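Overview (structure and organization)
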Amino acid sequence: MSPELIAVSFLILGLVLLSGKWIRVISTPLQKLFLPSSIIGGFVALFLGPEVLGNIVTWLGFGNSFLSKGIFPLEVLEVWSVLPGLFINIIFASLFLGKKLPSIQKIWRIAGPQIAHGQTIAWGQYVFGILVTMLILTPFFALDPMTGALIEIGFEGGHGTAAGMAGTFEGLGFYGGSDLALGLATIGLIFGVILGIILMNYAVKRGKTEIITNEREISLKEQAGIVEFDNRVSAGKLTTRTESIEPLSLHFAYVGVAIGIGYVIQQALIFLETTTWGPLTGTYLLEFIPLFPFAMIGGIFLQIFLDKFDIYRTLDRDLIVRIQGFSLDVLIVSAIATLSLTIIGENLIPFLILAVVGIIWNLVAFIYLAPIMFPSYWFERGSGNFGQSMGMTATGILLMKLSDPDNKSPALEGFGYKQLLFEPIVGGGIFTAASVTLIFQFGPEVVLVFSLVMLLLWLSIGLFYFRKK
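Quick look at the structure, then.

Basis of the calculations
Residues numbered from 1 in each chain as written. Predicted model: local features only at pLDDT ≥ 70, side-chain atom pairs only at ≥ 80, totals over all residues. Heavy atoms only, no water. Helix = DSSP H or I, 4+ residues; strand = E, 2+ residues; numbered from the N terminus. Buried < 20%, exposed > 50% of the residue type's maximum accessible area, 1.4 Å probe, protein only. Polar contact = N/O pair within 3.5 Å; in protein donor to acceptor, adjacent residues only side chain to side chain. Contact = heavy atoms within 4.5 Å. Expected span 1.5 Å × (residues − 1). Core = buried A, V, L, I, M, F, W, Y, C linked by side-chain atoms within 4.5 Å.

Here S68 is to be found in the loop between α4 (50-59) and α5 (74-93). Relative accessible area serves as the criterion here: at 11%, S68 is assigned to the buried category. A polar contact of 2.8 Å, which involves the side chain of S68, links it to the backbone oxygen of S65. When sequence neighbours within four positions are dropped, the list of residues in contact with S68 reads G54, V57, T58, F62 and G63.

On to the environment of L354. As for its position among the elements, L354 is in helix α17 (residues 348-373). When its relative accessible area of 2% is taken as the criterion, L354 is described as buried. Taking the C-alpha atoms as reference points, L354 and L402, 48 residues apart in sequence, are found 29 Å from one another. Discounting chain neighbours no more than four positions away, the residues touching L354 are V132, T133, L137, T147, L150, I151 and L184.

With that settled, consider helix α14 (residues 292-309). When the terminal C-alpha atoms of α14 are compared, their 25 Å separation across 18 residues agrees well with the 26 Å that a helix rising 1.5 Å per residue should span. Taken as a whole, α14 has its buried residues at F292, P293, F294, A295, M296, G298, G299, L302, Q303 and L306. Looking at the packing, one finds that the buried side of α14 touches α5, α8 (158-164), α12 (247-275) and α21 (430-442).

To continue, consider the nonpolar core. Core analysis: the largest hydrophobic core is formed by 129 residues, its most contacted members being W80, W123, L150, I153, V255 and V436. Among the elements that line this core, the one with the most residues is helix α6 (residues 104-141), at 13 residues.

A separate point is unusual backbone geometry. We note that R313 has phi near 50°; this positive angle belongs to a residue other than glycine. Its identity as a non-glycine residue notwithstanding, Y377 has a phi of 50°, on the positive side. The class for Y377 is partly exposed, based on a relative accessible area of 23%.

Scope: geometric values only; no functional claims are made or implied.
In structure tokens, the structure reads:
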């Protein structure tokens, strides 16, 4: 694979992303769905690739034409196929870089109810995902028991986690697991926005919200994803002089250091496992866990170090967020563009069953559990957790912004603090990354029992501790 080919692949990827943006600008239905341009661009590339256009041309009898494999060279698709596994490390390494890490007591005081509710949703996705796999998908459709983890990986983890775990799925022999998880992430994102807006309008009319009393009007430019000219702000602060080092380069370097720390941690743990309990028990887990959760831990360690020793405060959170956003766009476009519709088609009924079970559980957790787990502002806080549990943190923020546009409730602040005690564990954290391996090593029954215990624990904390406050 030549450097020129990689460069051309990124150029084409940029054109695909740009097409997604302009399609959203001119398409009112897509604007009302608030679909990210990366999702739209990914589907454009998927349609023009071998899975859709190529199969259509072949079906029409032109199997020898240049369009029988789609318009993209297969070498370009090969480059795109490895990008999600690389860029997910940048996304997770950036999660806590530039954030002031508060004390555990402060996080618990402000974000405790949202943590309890979010953890309840996540562990419930494991419980119901494993149950439906054990009772239906494995006996009747012969699907691998590891399928039970796909709802949490796709819905709570989102496109990044689903794509980043492709190597783990393949290493454990669950070929196609990443494609199914990516499909679930896409379904979750679309329905998360649609159902979230429907529920918000219903809640406003029934007086269930505490901030807004009527449906918020959204400008046409806001729907199109364009910031009004007079409201545009800087993308970040320049913390260093450009003649010394370009600030963006410095922040990329910080992200690289965080990933490097994570890699050292990962390799040290793998070495420890292969020299201690691994040979004794015959159980090997760590070699199948991908790098990205360790990159997140590396980012936390780096941030702690910078808080103590970087007297010039050279790390700017806004620039880190821009790097993270760029990486997520690249990941989503490349992941959807290389999605295997054949695998989803071969497992369509199980795929739909998983999607329906996941959506129903998330709705139940939002509509019925949020009002009794949050001491106040249940809709505003619960909408953020619902959006995130359907596949994307940005969806949760969108729903909170619609229900609380001026941040009068503690929803947004608590949502931000919540990630510090949430994402290191589930939603792409250590347990999410290890869940498939745990099912492979110990069986779905053990993981089901553990997930059920965690579900009941967090549900009890929400019902009997935070509800009283």
